[in-house]
Each structure stands twice: as structure tokens, then as C-alpha cells.
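# Understanding the architecture of this molecule
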Amino acid sequence: MSEKIYVLIDHGEGEIRTPSLESLALGQRMAEETGFSLHALILGNEIGPLAERLGKQKVDSVLLVEDQKLANYDPDVYCRALSEILTEDQPYLFLMGHIYQNIDLAPKLAAAINRGLVTDCIGYRKEGDDFVFVRQMFRNKLNADVQFRSEHPWIVTLQTGATSVDELKEGSGQVVERSLDLSAVELRRKPLEAFEATQGKVDLSQAELIVAVGRGIKKAENLKIIEELAEALGAEIAASRPVVDSEWLSRDRQIGSSGQTVSPRLYLACGISGAIQHIVGMKNAQCIVAINTDPNAPIFNIATYGIVGDLFEIVPALTKKLKEA
Amino acid sequence: MKLLTCLKQIPDRDTRYEINAAGTGIKTSDLTFEISECDEYSLEESLKLREEHGGEVAILTLGPQRAEKSIRKGLAMGADRAILVRDDEGKVTTPHAVAKVLAEVLKEEEYDLILTGTQSDDWSYAQTGVLLAELLGLPHATIVMEIRADPAQKKVKALREMESGWFQWVELPMPAVLTIQAGISQIRYASLKGIMQAKKKEIRNVELSDLNVDLSSVPEVEVLKVYFPVVEKKAEILQGSTAEVVEQLVEKLKKEAKVI
Ligand SMILES: Cc1cc2nc3c(=O)[nH]c(=O)nc-3n(C[C@H](O)[C@H](O)[C@H](O)COP(=O)(O)OP(=O)(O)OC[C@H]3O[C@@H](n4cnc5c(N)ncnc54)[C@H](O)[C@@H]3O)c2cc1C
Ligand SMILES: Nc1ncnc2c1ncn2[C@@H]1O[C@H](COP(=O)(O)O)[C@@H](O)[C@H]1O
């Protein structure tokens, strides 16, 4: 084990991705606290300029691995490249963003080198010489403090927004090129066509008032009370993913990481628990109201006003009140 | 096609959990249990593939005896048979260890497609399926929203959900592991006939100790403590009867927040 922290830098279309910069910012903080060195690791093809840019951050070095085979993400070749580097360098910690690509990659890497992996962390604490990582579970209802009891490197993926890129400190780090022999790696997964989901009819990004409904509505027939409330307010209707998955509302009304991002004046969340994938799509609303039977629902952590209660009582009463006024 | 769905039983999603005495998990004594959401979608997908290509659908679960109830539901939906690896004492804790045990069972016979959920609704690791693929030496694709199998060519096309509304098709040789995302299709209800038939279907119980699996080499990650998140910015909770809270809310939205 060496006293190094490695951060994986993801990129696409010639840009470093924000979650990677967040990971780097967290890495910087951890390096300061421990006195460990910090190294940004970037894989790809013809990405010299990106490595140069990373070198302007406060890092001890930038490890640059270029290979034609690394031009696009592939689990087999990325896993092989990282396995070789981690096995040789034995860093203390290997950080990366909990993005779709790393959900696809990190567990494969953990299995390949037989090392521990903690996913979707929202933070860490230092306890003596040890790190305790904090992650969410049960759809963000509960947190867990976890600790590695395994050999280094420890692999950690970080939830988007766990830290801010504003924390990132500038400095200068040398770019070190690393060559790997990846010629023998067989790419089993063949990428085919990629496409953007067809833009739906509903664009909620400009909506001023939104009434959003979650699984708490229980079935499609019950949506009527939500429609009535939306009408009384003159609001658009939106939904959490399970409502859309069940086909109670169309996909273009889904808010969240795999749906739309909105920033209305008012977001009234009815029967939505407040999982991170939903929150990222609506947290910039000016005023958030949550109606939920569960006082511990995480939606109350970001709401302006909360009503702990049954939406089947509250929503019709609210509609009535709004109509009176 | 030989299809297998990994099915995890989880505590009812709508329950208000309580922390257990050790502080390292939730109290399970008074809970009801159900199938983890993605797994129900993944089973549905297996059944659809069987309808299209023929073959059989098996269910694999690692869990305590009570998991039989969820397995029965899967059999009632239409799965042909099931394997339950019994871990009544909850010895297998990390996703790595779970994958290792599942892999051991899956080595017994070859399946064309092994489906898991993208992420479980309880511990939400988002790891098990991919770990399993690597331990079995199989290719994989994650967060899958559509499957097109070609058993004759031993190939499968999977549509991966990507960030910000993008999707990508990938092609894999079979056997392969796919992790299924919620919403891939509409989950069927078990028919009365299905429920009756399920009673006669086989659930093979395997004891953990009967498997030749060494968990001592699995990287250990310990859960020290489980707790309700401490929040910095808590909502102003409105108190009173329904009429009162509704009145307060309208008042506040108009006068305080000035949003309506
Ligand atoms: C890769 C990935 C991408 C995802 N993308 C998205 C996304 O874009 N958008 C999204 O929303 N989710 C997304 N999800 C799913 C997300 O993790 C959650 O599962 C989802 O947001 C939960 O929706 P919900 O709050 O409606 O349901 P639940 O979490 O089941 O919550 C239902 C809530 O209703 C409450 N309730 C029940 N009955 C009542 C009642 N009578 N009155 C009042 N309240 C009641 C319950 O207390 C509970 O809090 C994604 C998940 C993954 C893995
Ligand atoms: N104990 C288990 N038994 C069967 N399948 C499991 C088990 N644990 C996890 N899985 C599968 O792995 C998926 C992802 O789980 P996780 O890695 O915990 O998020 C689940 O949706 C299941 O398909």
C-alpha cells in the first residue's frame, strides 16, 4: 500500500465531466487531511489537451493512458487498463463519480482485482487513521456508515453533488504518460446505434407551477385528484419515475436524472419520497411543498413547507380551498 | 432459451423502518416483504423472452426461508422453477459475497441470459449483477431498457439507458448478464391458474454450507451504523387538522413564499 489517492477522470465530447471534477475536489480535501499524494487518472485516445487542463489543478500528477482501444468506453478494455494500473501502483484509494458509466465499470473492476467497493457515497469522515464512508440506502431513507476491512486500493464511487466543483483548487501537476499493452484484450460488447429520446410533447422546463405525483398515488384512477389540484392552481402535472414506469403518465412528464430538469416557482410533491434521482431534477424550484404520510421521507429535507399526511385527504381539501379563494 | 432471473426479497417499500438494536440495520420482525422492483421487471422480461423464443425461466434467490413467498409470486407469474440459497442467519452481507454465492450456483449449468436488477430497493448497492458477470467471466450490460435476443446466432442486443435522455444499443455474445432497469415493460399479474400451478413448482433449497464457496477471501466492507439522515435544511412542517394545514399552506404560498 502506498500513500496515494487516485481519481478517475471521465470525459466525453472533449470535455471533462463534472462528476469527475467533484471527485477530484474531494480527493484534494482527503489528500490535504492525510498528506497523501493525489493523482488524476485519465484514459482515452488523443486526450492530451484534457490531461494538460487537469495538470492545472492541485494534483501531484496526471496519469495519462492513451490507446486507440480506449477511444470509447468499453467495460473489458477499461477494466483491464485500470486493473493493471491499480495492481502495479497500489494506491490507497481509487475515487470516481457514481455515473452510469462507472455503475457499469466499478463492480467489474472490484471483482477483477478482488478489492472492496463502496458505491454512491455522499461523504466521508476521518476517524483516527481510518476513513468512514457515508452512503444512502432504502431509497435515501437511511444512511449507512461503512468501513473497508479489505486490502487497498479501496474503490469508492461518489454521488453527484456529494461535493462541489467550486471547492476545486488550482495548482500544477506533471502529466505522466503511461503506456499499457492492451492489444490482447477482446472487446466482447459491440456498441451499436445511440440516440436521444425523442423530445416529448410536454416541455416542463418553463413551467412556473408544477404539481408532481409519486407512487403514493397508488393507481392510475386516483390521478383525478391530482388533475383537479393542478387545474385549480393552473399548474402542469409531473411525476416520479415509478408513475411513468407504470404508464400512468407519459414519459415526458418524468422529473429527475433520467427525466426532465425543472425550476418552477412552486413544486408541489404529492406522495414522492425524494430519492436522489428525483431530487436532481427539481431541487432548484423556488418553493417546494411536500405532502407525504412518512415524516422521515427525505423529500422533507429539501422542502420549504411540509404536510405530514394522507394525500387522499390533503389534496382534495387543498383544491377546494384554492377554488374558494 | 435458458433464462435466469436473480430475485431479491426486500422489506415493503412503504414501511416506516426502525433501526435494529445493534444499529447496523433495520428491524425486520414486524415487516412484510416483497420483490425488489427491478427484479419484478426483470422476471417479466425473462417471461417475455421465453414466450418469444421458447425455453425456460428459472429464479435464483439468496435469502432466508421467508423469501419463498416472493419466489412463489415469481412462479405464479410464470417462472418454471426456482433455487433458493438459504442464508437464514444473514451471513452473506456484502454484494461481493452475494455475487460469489450466486456465481457458485450459476456454474452448475449454463444459462443463455442471466438477468438481475440494476439496483436493489433496500441496500441499493448497484453492484451485484456486474460483480456476478465478472466472477462468471461473462460479458454484461447495465441499466437495460429493452432486449432483443437472437438465440440462433447466440447474440443479444440490449438497449442501455444513458444519462440525460440518451440511449444506446449494444450487442453481446450469449451467455451474458444484463442488469434491468425499472420500466422496461409492464409487469403482469399472476393469474389464478398461475397461482395454483405455482404451488406445484419446484423450489430447490440449497444450504450455504453445501456450496463450495470460500467467503473468507471476499473483500470485507463493514456497515458500522445505520441511521436516519441528519438534515440541515428541514421543511417547515405545518401542524393541525386537514382544514388547518391547507389554510396555512395557501396563506404561506401567497403571503410568505409569494409563489401563487
Ligand atoms: C439509474 C436510475 C435512474 C433513475 N431516474 C429517476 C428519475 O429520473 N426520476 C425519478 O423520479 N426516479 C428515478 N429513479 C428512481 C428513484 O431511485 C426512486 O425509486 C423513485 O424516485 C421513487 O419514486 P417515488 O418517490 O414516487 O416512490 P417511493 O419511493 O415508493 O415513494 C412513495 C412515497 O409516497 C408516500 N405515500 C404513500 N402513500 C401515501 C399517501 N396516501 N399520502 C401521502 N404520501 C404517501 C410514501 O411515504 C413514500 O414516501 C431512478 C433510479 C435509477 C436506479
Ligand atoms: N440476495 C440476493 N438474491 C438474489 N439476487 C440478488 C440478491 N442480492 C442482489 N441480487 C440481485 O442484484 C441486483 C442488484 O442488487 P444490489 O447490488 O444490491 O443493488 C438485485 O436487483 C437482484 O437482481
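The sections below set out a description of the structure shown in this document. Just so it is clear, the model here is predicted, and its values are computed rather than measured.

## Description of the site of ligand 2
Residue and element names in this part refer to chain B.
- As a matter of local geometry, ligand 2 sits amid 18 residues, with Asp39, Leu62, Ser120, Ala126 and Thr128 nearest to it.
- Between ligand 2 and the protein, one listed contact pairs an oxygen atom with a side-chain N or O atom of Asp39 at 2.6 Å.
- In the model, a nitrogen atom of ligand 2 is placed 2.8 Å from a nitrogen or oxygen of the Leu62 main chain.
- Across the complex, the protein chains shield 97% of the 480 Å² of accessible surface that ligand 2 would expose by itself.
- Residue assignment for the shell around ligand 2 shows that the elements contributing at least two residues are strand E4 (56-63), helix H3 (95-106) and strand E6 (113-117).
- By residue number, the principal contributor to the shell around ligand 2 is E4, which donates three residues.
- Among the residues forming the shell around ligand 2, the class breakdown is eight nonpolar, eight polar and two charged.

## Some points on helix H5 (residues 223-233) of chain A
Residues and elements named next belong to chain A.
- Buried within H5 are the following residues: Leu223, Ile225, Ile226, Leu229, Ala230 and Leu233. Considered in projection along H5, the buried side chains sweep an arc of 155 degrees and stay on one side of the axis. Residues of H5 that are exposed and point more than 90 degrees away from the buried face comprise Lys224 and Glu231.
- Check the buried side of H5 and you find it contacts strand E13 (209-213), strand E14 (236-239), strand E15 (266-270) and helix H8 (311-324).

## Side note on the environment of Glu34 of chain B
Residue and element names in this part refer to chain B.
- Looking at the element boundaries, Glu34 is found in strand E3 (residues 33-35).
- Along the backbone, Glu34 and Ser70 are 36 residues apart, and their C-alpha atoms lie at a distance of 6.1 Å.
- What Glu34 contacts, discounting residues up to four positions off in sequence, is Lys8, Gln9, Ile10, Pro11, Asp12, Arg13 and Ser70.
- Within the local environment of Glu34, its side chain forms a polar contact with the backbone nitrogen of Arg13, the two atoms lying 2.9 Å apart.

## Things to note about the pairing of strand E4 (residues 37-44) of chain A
Residues and elements named next belong to chain A.
- Within E4, eight of the eight residues are buried, which leaves it mostly tucked inside the rest of the structure.
- Residues Ser37, His39, Leu41 and Leu43 point to one face of E4 and Leu38, Ala40, Ile42 and Gly44 to the other, with burial holding for every one of them.
- Sheet topology places strand E1 (residues 4-9) next to E4; six bridges connect them, and they run parallel. Directly across from Leu8, in E4, lies its bridge partner Leu41.
- Note: E4 against strand E5 (residues 61-66), six bridges, orientation parallel.

## Some points on the site of ligand 1
- In the vicinity of ligand 1 there are 30 residues, among which Arg215, Ser240, Ser258, Ser273 and Asn292 of chain A approach most closely.
- Neighbouring residues of ligand 1 are distributed over chains A and B.
- Between Gln254 of chain A and ligand 1, the recorded distance is 2.8 Å, taken from a side-chain N or O atom to an oxygen atom.
- A distance of 2.9 Å separates a nitrogen atom of ligand 1 from a polar atom in the side chain of Asp310 of chain A.
- The fraction of the free accessible surface of ligand 1 (1000 Å²) that becomes covered by protein chains is 93%.

## What to know about the packing of helix H1 (residues 37-53) of chain B against helix H2 (residues 67-77) of chain B
All names here are of chain B.
- As a packed pair, H1 and H2 sit with axes 10 Å apart at the nearest point and diverge in direction by 30 degrees. Relative to H2, the element H1 lies roughly parallel. For the element pair H1 and H2, the recorded crossing hand is right-handed. Contacts between H1 and H2 involve Glu40, Leu43, Glu44 and Leu47 from the former and Lys73, Gly74 and Met77 from the latter.
- Among the residues forming the contact of H1 with H2, the class breakdown is three nonpolar, one polar and three charged.

## Considerations on the pattern of salt bridges
- Per the counting criterion, the structure on display carries 49 salt bridges over all chains.
- Between Lys224 of chain A and Glu228 of chain A there is a salt bridge whose closest N-O contact spans 3.5 Å. Placement of the pair is Lys224 of chain A and Glu228 of chain A together in helix H5, with a separation of four residues, close to one helical turn.
- Of the charged contacts, one joins Glu109 of chain B and Arg81 of chain B as a salt bridge, the two residues approaching to 3.3 Å between their closest N and O atoms. With Glu109 of chain B in the loop between H3 and E6 and Arg81 of chain B in strand E5 (residues 81-86), this residue pair connects regions lying 28 residues apart in the sequence.
- For Glu109 of chain B, a relative accessible area of 24% translates into the label partly exposed.
- Each of Arg139 and Arg215 of chain A together with Arg13, Glu34, Glu37 and Asp121 of chain B takes part in salt bridges that share partners, so that together they form one network.

Reading the values: rules and limits
Residues numbered from 1 in each chain as written. Chains lettered and ligands numbered in written order. Predicted model: local features only at pLDDT ≥ 70, side-chain atom pairs only at ≥ 80, totals over all residues. Heavy atoms only, no water. Near = heavy atom within 4 Å. Polar contact = N/O pair within 3.5 Å; in protein donor to acceptor, adjacent residues only side chain to side chain. Areas by Shrake-Rupley, 256 points an atom, 1.4 Å probe, with all protein chains shown as cover. Helix = DSSP H or I, 4+ residues; strand = E, 2+ residues; numbered from the N terminus. Nonpolar A, V, L, I, M, F, W, Y, C, P; charged D, E, K, R; others polar. Buried < 20%, exposed > 50% of the residue type's maximum accessible area, 1.4 Å probe, protein only. Arc of directions from axis to C-beta. Contact = heavy atoms within 4.5 Å. Pairing = 2+ DSSP bridges. Axes fitted to C-alpha atoms, helices over the stretch in contact; angles between N-to-C directions. Parallel < 35°, antiparallel > 145°, perpendicular 65-115°, else oblique. Left-handed = near helix turned anticlockwise from the far one by under 90°. Salt bridge = Lys/Arg side-chain N within 4 Å of Asp/Glu carboxyl O.

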